Amino acid sequence: MIIREARPADAPQIAPLMNLIYDEMELTDLEDVPGPDLLKVITAAYRTRTYLSGAATTVVAEADGQVVGVAFGYPGERQDIVDDVITRLTAQSEAFDEPLESEPETAAGEWYLDSLAVDPAQQGKGIGRQLLRALPVYARRDRQSVIGLIVDFENPGAMRLYERMGYEVVGTQVVGDHNYYHMQLEIGKPISIAN
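Definitions and limits used
- For every chain, the first residue of the written sequence is number 1, and numbering continues from 1 onward in sequence order.
- Only residues with pLDDT of at least 70 are given local features in this predicted model, and only at 80 or more are side-chain atom pairs given and counted; all residues enter the totals for whole chains, interfaces and linings.
- For side-chain calculations, the full set of non-hydrogen atoms in the structure is used, while hydrogens and water are omitted.
- Helix and strand assignments come from DSSP, with helices taken as H or I runs of at least 4 residues and strands as E runs of at least 2, each series counted from the N terminus.
- Each residue is placed in one exposure class: buried if its accessible area under a 1.4 Å probe, protein chains only, is under 20% of its type's maximum, exposed if it is over 50%, and partly exposed if it falls in between.
- Only heavy atoms matter for contacts: two residues are in contact if any of them lie within 4.5 Å across the pair.
- Distance and chemistry together define a polar contact, namely a pair of N or O atoms within 3.5 Å, with one atom able to donate a hydrogen and the other to accept it when in protein, and with adjacent residues in sequence counting only for side-chain atoms on both sides.
- Criterion used throughout: strands pair if DSSP finds at least two bridges between them.
- A fitted line through C-alpha atoms serves as each axis, taken over the contacting stretch for helices, and the angle formed by two N-to-C directions is quoted from 0 to 180°.
- Residues forming no salt bridge and having over 30% relative accessible area are the ones grouped into patches, like charges within 9 Å of each other and nonpolar side chains (Val, Leu, Ile, Met, Phe, Trp, Tyr) within 5 Å.
- Only the protein chains shown count as cover for residues, and the accessible areas themselves come from Shrake-Rupley with a 1.4 Å probe.
- By definition, a salt bridge exists where a carboxyl oxygen of Asp or Glu is found within 4 Å of a side-chain nitrogen of Lys or Arg.
- Asp and Glu count as negative and Lys and Arg as positive, but His and the ends of the chain are not part of the count.
- Taken as the charge centre is NZ of Lys, CZ of Arg, CG of Asp or CD of Glu, depending on the residue.
- Every helix has an expected span of 1.5 Å times one less than the residues it contains.
- For a residue, the bend is simply the angle between two axes, fitted respectively to the seven-residue segment ending there and the seven-residue segment starting there.

Mapped onto the fold, Glu-62 is located in strand S2 (residues 57–63). Accessibility expressed as a relative area gives 16% for Glu-62, which makes it buried. Here the alpha-carbon distance between Glu-62 and Gln-122, two residues 60 residues apart in the chain, equals 11 Å. Ignoring anything within four residues of it in the chain, the contact list for Glu-62 reads Met-1, Ile-2, Arg-4, Arg-7 and Val-67. In this structure the side chain of Glu-62 is engaged in a polar contact, spanning 2.8 Å, whose partner is the side chain of Arg-4.

On the basis of which strands lie adjacent, the open sheet formed by seven strands has the order S1-S2-S3-S4-S5-S7-S6 and mixed pairing. Across the chains shown, the open sheet's two edge strands, defined by having one partner strand only, are strand S1 (2–5) and strand S6 (168–175). In this sheet, adjacent strand axes meet at a mean angle of 25 degrees when their direction is disregarded. Pairing of S2 with strand S3 (residues 66–75) involves seven bridges; the strand directions are antiparallel.

Bringing a positive patch on the surface into the picture now. On the surface, Arg-129, Arg-133, Arg-160 and Arg-164 cluster together into a patch of positive charge. Residue assignment for the positive patch shows that the elements contributing at least two residues are helix H5 (127–141) and helix H6 (156–164). Position of Arg-160 among the secondary structure elements: in helix H6. For Arg-160, a relative accessible area of 47% translates into the label partly exposed.

Turning our eyes to something else, we now look at H5. In this model, H5 (15 residues) spans 22 Å end to end at C-alpha, consistent with the 21 Å of a helix rising 1.5 Å per residue. Along H5, the largest kink reaches about 25 degrees and is centred on Leu-135; proline Pro-136 follows within four residues of it. For H5, the set of buried residues is Ile-127, Gly-128, Leu-131, Leu-132, Ala-134, Leu-135, Pro-136, Tyr-138 and Ala-139. Considering only its buried residues, H5 is in contact with S1, S2, S3, strand S4 (111–118), strand S5 (146–152) and H6. Where H5 ends, the next residue or the one after it, Arg-143, has phi of about 65 degrees, a positive value.

Below, the structure written as C-alpha coordinates:
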(Lines give C-alpha, C1' and ligand atoms only; values in the text may rest on other atoms or scores of the structure.)
Protein backbone atom coordinates (compact mmCIF):
# COMPACT_ATOMS: atom_id res chain seq x y z
CA MET A 1 0.00 0.00 0.00
CA ILE A 2 1.30 3.41 -0.99
CA ILE A 3 -0.05 6.63 0.54
CA ARG A 4 0.74 9.64 -1.67
CA GLU A 5 -0.57 12.93 -2.94
CA ALA A 6 -2.99 12.55 -5.82
CA ARG A 7 -2.14 13.41 -9.41
CA PRO A 8 -4.52 14.58 -12.17
CA ALA A 9 -4.41 11.09 -13.74
CA ASP A 10 -5.97 9.67 -10.53
CA ALA A 11 -9.17 11.71 -10.96
CA PRO A 12 -11.21 8.99 -12.78
CA GLN A 13 -10.49 6.57 -9.90
CA ILE A 14 -11.11 9.18 -7.18
CA ALA A 15 -14.51 10.29 -8.54
CA PRO A 16 -16.45 7.05 -7.82
CA LEU A 17 -15.06 7.00 -4.27
CA MET A 18 -16.11 10.60 -3.64
CA ASN A 19 -19.49 9.86 -5.19
CA LEU A 20 -20.08 7.38 -2.34
CA ILE A 21 -20.03 10.37 0.03
CA TYR A 22 -22.48 12.36 -2.10
CA ASP A 23 -24.80 9.32 -2.05
CA GLU A 24 -24.60 9.09 1.75
CA MET A 25 -25.34 12.80 2.16
CA GLU A 26 -28.60 12.41 0.17
CA LEU A 27 -28.44 15.99 -1.13
CA THR A 28 -31.77 17.04 -2.63
CA ASP A 29 -29.92 19.27 -5.14
CA LEU A 30 -28.47 16.11 -6.71
CA GLU A 31 -31.65 14.01 -6.92
CA ASP A 32 -32.28 14.76 -10.60
CA VAL A 33 -28.64 14.80 -11.74
CA PRO A 34 -27.72 11.68 -13.76
CA GLY A 35 -24.90 9.69 -12.15
CA PRO A 36 -22.53 9.93 -15.14
CA ASP A 37 -22.87 13.73 -15.20
CA LEU A 38 -22.06 14.01 -11.50
CA LEU A 39 -19.03 11.74 -11.98
CA LYS A 40 -17.81 14.02 -14.81
CA VAL A 41 -17.97 17.05 -12.51
CA ILE A 42 -16.21 15.24 -9.65
CA THR A 43 -13.53 13.97 -12.04
CA ALA A 44 -12.95 17.47 -13.40
CA ALA A 45 -12.65 18.85 -9.84
CA TYR A 46 -9.95 16.32 -8.93
CA ARG A 47 -7.92 17.36 -11.95
CA THR A 48 -7.69 20.97 -10.75
CA ARG A 49 -4.66 22.40 -9.02
CA THR A 50 -7.00 23.81 -6.35
CA TYR A 51 -8.07 20.30 -5.30
CA LEU A 52 -4.76 18.52 -5.73
CA SER A 53 -2.09 20.76 -4.27
CA GLY A 54 -3.37 24.32 -4.23
CA ALA A 55 -5.94 25.46 -1.68
CA ALA A 56 -6.64 21.80 -0.80
CA THR A 57 -4.73 18.54 -0.66
CA THR A 58 -5.89 15.19 -1.98
CA VAL A 59 -4.15 12.08 -0.66
CA VAL A 60 -4.72 8.61 -2.09
CA ALA A 61 -4.08 5.06 -0.99
CA GLU A 62 -2.85 3.00 -3.92
CA ALA A 63 -2.70 -0.79 -4.08
CA ASP A 64 -1.62 -2.72 -7.17
CA GLY A 65 -1.78 0.46 -9.27
CA GLN A 66 -5.36 1.24 -8.25
CA VAL A 67 -6.66 4.04 -6.03
CA VAL A 68 -8.47 2.25 -3.20
CA GLY A 69 -8.90 5.16 -0.79
CA VAL A 70 -8.85 8.95 -0.78
CA ALA A 71 -8.69 11.76 1.75
CA PHE A 72 -9.39 15.39 0.84
CA GLY A 73 -8.79 18.36 3.11
CA TYR A 74 -7.77 21.99 3.46
CA PRO A 75 -7.34 24.78 6.01
CA GLY A 76 -10.80 25.94 7.08
CA GLU A 77 -10.27 29.51 5.91
CA ARG A 78 -9.93 28.17 2.35
CA GLN A 79 -13.38 26.54 2.23
CA ASP A 80 -14.85 29.21 -0.08
CA ILE A 81 -11.99 28.78 -2.58
CA VAL A 82 -12.40 25.00 -2.54
CA ASP A 83 -16.21 25.08 -2.76
CA ASP A 84 -16.02 27.47 -5.70
CA VAL A 85 -14.54 24.69 -7.86
CA ILE A 86 -17.71 22.56 -7.69
CA THR A 87 -19.95 25.62 -7.99
CA ARG A 88 -18.13 26.69 -11.16
CA LEU A 89 -18.08 23.19 -12.69
CA THR A 90 -21.78 22.56 -12.01
CA ALA A 91 -22.64 25.96 -13.49
CA GLN A 92 -20.96 24.80 -16.72
CA SER A 93 -22.83 21.46 -16.82
CA GLU A 94 -26.22 21.22 -18.50
CA ALA A 95 -27.13 18.37 -16.11
CA PHE A 96 -27.48 20.82 -13.21
CA ASP A 97 -30.49 23.13 -13.05
CA GLU A 98 -28.42 25.54 -10.99
CA PRO A 99 -24.87 25.60 -9.63
CA LEU A 100 -24.29 23.41 -6.60
CA GLU A 101 -23.63 25.58 -3.55
CA SER A 102 -22.02 23.94 -0.52
CA GLU A 103 -23.08 24.63 3.04
CA PRO A 104 -20.42 25.76 5.53
CA GLU A 105 -18.86 22.77 7.27
CA THR A 106 -15.76 24.20 8.93
CA ALA A 107 -14.10 27.42 10.04
CA ALA A 108 -10.68 28.99 10.23
CA GLY A 109 -8.40 27.41 12.81
CA GLU A 110 -8.53 23.80 11.69
CA TRP A 111 -7.33 21.72 8.77
CA TYR A 112 -10.64 20.31 7.63
CA LEU A 113 -10.87 16.70 6.50
CA ASP A 114 -13.68 17.29 4.03
CA SER A 115 -13.88 13.72 2.72
CA LEU A 116 -12.49 10.26 3.44
CA ALA A 117 -13.60 7.36 1.27
CA VAL A 118 -12.43 3.78 0.81
CA ASP A 119 -13.45 1.40 -1.98
CA PRO A 120 -16.21 -0.79 -0.45
CA ALA A 121 -14.40 -3.92 -1.68
CA GLN A 122 -11.30 -2.81 0.27
CA GLN A 123 -12.94 -1.76 3.54
CA GLY A 124 -11.81 -3.40 6.76
CA LYS A 125 -8.17 -3.55 5.65
CA GLY A 126 -6.93 -0.49 7.54
CA ILE A 127 -6.86 1.84 4.53
CA GLY A 128 -8.85 4.56 6.27
CA ARG A 129 -6.52 4.35 9.27
CA GLN A 130 -3.44 4.68 7.05
CA LEU A 131 -4.87 7.73 5.32
CA LEU A 132 -5.75 9.32 8.67
CA ARG A 133 -2.22 8.68 9.97
CA ALA A 134 -0.77 10.51 6.94
CA LEU A 135 -2.87 13.67 7.30
CA PRO A 136 -0.97 15.49 10.08
CA VAL A 137 1.97 16.00 7.68
CA TYR A 138 -0.25 17.88 5.24
CA ALA A 139 -2.06 19.81 7.97
CA ARG A 140 1.21 20.96 9.52
CA ARG A 141 2.53 21.89 6.08
CA ASP A 142 -0.52 24.15 5.80
CA ARG A 143 0.43 25.65 9.18
CA GLN A 144 -2.44 24.07 11.11
CA SER A 145 -2.26 22.38 14.52
CA VAL A 146 -5.77 20.87 14.58
CA ILE A 147 -7.53 18.53 12.15
CA GLY A 148 -11.32 18.76 12.13
CA LEU A 149 -14.03 16.71 10.45
CA ILE A 150 -17.72 15.96 10.63
CA VAL A 151 -19.24 12.50 10.88
CA ASP A 152 -22.90 11.61 10.38
CA PHE A 153 -24.82 10.57 13.49
CA GLU A 154 -25.92 7.56 11.42
CA ASN A 155 -22.36 6.35 10.73
CA PRO A 156 -21.21 4.75 14.01
CA GLY A 157 -18.49 2.75 12.24
CA ALA A 158 -16.74 5.92 11.06
CA MET A 159 -17.28 7.48 14.49
CA ARG A 160 -15.48 4.54 16.16
CA LEU A 161 -12.59 4.81 13.70
CA TYR A 162 -12.13 8.53 14.38
CA GLU A 163 -12.34 7.99 18.14
CA ARG A 164 -9.70 5.24 17.95
CA MET A 165 -7.48 7.66 16.04
CA GLY A 166 -7.80 10.23 18.85
CA TYR A 167 -10.49 12.56 17.49
CA GLU A 168 -12.88 14.06 20.05
CA VAL A 169 -16.36 15.49 19.62
CA VAL A 170 -16.32 19.29 19.97
CA GLY A 171 -19.86 20.03 18.78
CA THR A 172 -22.66 19.12 16.38
CA GLN A 173 -24.05 20.65 13.21
CA VAL A 174 -26.57 20.08 10.45
CA VAL A 175 -25.58 19.79 6.79
CA GLY A 176 -28.38 19.14 4.34
CA ASP A 177 -30.87 16.93 6.18
CA HIS A 178 -28.27 15.14 8.29
CA ASN A 179 -26.93 15.70 11.79
CA TYR A 180 -23.17 15.50 12.22
CA TYR A 181 -20.69 15.39 15.06
CA HIS A 182 -17.86 17.89 14.64
CA MET A 183 -14.67 16.18 15.78
CA GLN A 184 -11.11 17.45 16.17
CA LEU A 185 -7.62 16.08 16.71
CA GLU A 186 -4.78 18.18 18.12
CA ILE A 187 -1.64 17.41 16.09
CA GLY A 188 0.91 19.81 17.48
CA LYS A 189 2.95 22.60 16.01
CA PRO A 190 2.90 23.38 12.28
CA ILE A 191 6.01 22.67 10.21
CA SER A 192 8.14 25.69 9.42
CA ILE A 193 9.13 25.61 5.77
CA ALA A 194 12.22 27.61 4.88
CA ASN A 195 12.12 29.30 1.49
